[in-house]
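Read off the chains here:
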Amino acid sequence: FPGSYQDMPDIKAESIGNMYFAGDVVHSSHGSWSQEKAFVTGIEAANSVLGRAPDTGILPLAADELHVRFGKEAVKIARNIISGPKK
């Protein structure tokens, strides 16, 4: 849901030492979305269980292509026009 990112859990639970999360609703530094994010967070959780660095075996995302950067910026501008700039 929009605005809920800060409420998403990390890969490793803070209050239960042997609980791990994976899926599209998990914080991840990878930057992937949807099915790709679920896949990546599954690998990150497995790496954590195995005591490896979370990004072991995960390829970093390439920089956004020009048309993607343009689209993101256009959405940001449209949101500012509709709702005003964020404070």
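No experiment lies behind these values; they were computed from the predicted model shown.

Conventions used here
Residues numbered from 1 in each chain as written. Predicted model: local features only at pLDDT ≥ 70, side-chain atom pairs only at ≥ 80, totals over all residues. Heavy atoms only, no water. Helix = DSSP H or I, 4+ residues; strand = E, 2+ residues; numbered from the N terminus. Rg over C-alpha atoms; globule rule 2.2 N^0.38 Å. Buried < 20%, exposed > 50% of the residue type's maximum accessible area, 1.4 Å probe, protein only. Contact = heavy atoms within 4.5 Å. Areas by Shrake-Rupley, 256 points an atom, 1.4 Å probe, with all protein chains shown as cover. Lys, Arg positive; Asp, Glu negative; His and termini not counted. Charge placed at Lys NZ, Arg CZ, Asp CG, Glu CD. Expected span 1.5 Å × (residues − 1). Polar contact = N/O pair within 3.5 Å; in protein donor to acceptor, adjacent residues only side chain to side chain. Patch = residues over 30% accessible without salt bridge, like charges linked within 9 Å, V, L, I, M, F, W, Y side chains within 5 Å. Salt bridge = Lys/Arg side-chain N within 4 Å of Asp/Glu carboxyl O.

A.B. asks: Explanation requested: the overall build of the protein chain in the structure shown.
C.D. replies: Counting its regular elements, the protein chain contains 2 helices and 0 strands. Compactness check: the protein chain gives a C-alpha radius of gyration of 16 Å against a globular reference of 12 Å for 87 residues, more than 25% above the reference. If you line up the protein chain on its principal axes, its C-alpha atoms span 45 × 30 × 20 Å. For the protein chain, the residues scored as buried account for 18% of the 87 residues in total. Considering only intrachain contacts with a sequence separation of at least 6, the fraction spanning at least 24 residues in the protein chain is 22%. Total accessible area on the protein chain is roughly 7,100 Å²; 63% of this is exposed by carbon and sulfur atoms. Distance between charge centroids for the protein chain: 6 Å, based on 9 positive and 10 negative side chains.

A.B. asks: It is not clear to me how helix 2 (residues 66-83) should be interpreted in this structure. Could you clarify?
C.D. replies: Working note: α-helix, 3.6 residues per turn, so residues spaced by three or four point in the same direction. For helix 2, spanning 18 residues, the distance from its first C-alpha to its last is 26 Å, which sits close to the expected 26 Å at 1.5 Å a residue. Positive backbone phi, at 85°, marks Gly84, one or two positions downstream of helix 2.

A.B. asks: Sorry, what's going on with the side chain of Ser28 here?
C.D. replies: Among the secondary structure elements, Ser28 is positioned in the segment before helix 1 (34-49). Side-chain polar atoms of Ser28 contact the side chain of Glu44, separated by 3.2 Å. Filtering out sequence-adjacent residues up to four positions away, Ser28 remains in contact with Tyr5, Lys37, Val40, Thr41 and Glu44.

A.B. asks: Can you walk me through a nonpolar patch on the surface in this structure?
C.D. replies: Taken together, the side chains of Ile77, Ile81 and Ile82 present a nonpolar region at the surface, about 370 Å² in accessible area. Look at Ile77 and you get partly exposed, because its relative accessible area is 46%.

A.B. asks: How should the side chain of Asn47 be read in this particular structure?
C.D. replies: In this structure, Asn47 sits in helix 1. Within polar-contact distance, the side chain of Asn47 engages the backbone oxygen of Thr56 at 2.8 Å. Apart from the residues lying within four places of it in its own chain, the contact partners of Asn47 are Arg52, Ala53, Pro54, Asp55 and Thr56.

A.B. asks: Honestly, the environment of Lys12 in this entry has me stumped. Any pointers?
C.D. replies: Within the secondary structure, Lys12 sits in the segment before helix 1. By relative accessible area, Lys12 is classed as partly exposed at 37%. Once the C-alpha coordinates of Lys12 and Thr56 are considered, the two residues, 44 residues apart in sequence, prove to be 16 Å apart. Not counting chain neighbours up to four residues away, the residues in contact with Lys12 comprise Gly17, Asn18, Met19 and Tyr20. From its side chain, Lys12 meets the backbone oxygen of Gly17 in a polar contact 2.4 Å long.

Geometry only, nothing functional implied.
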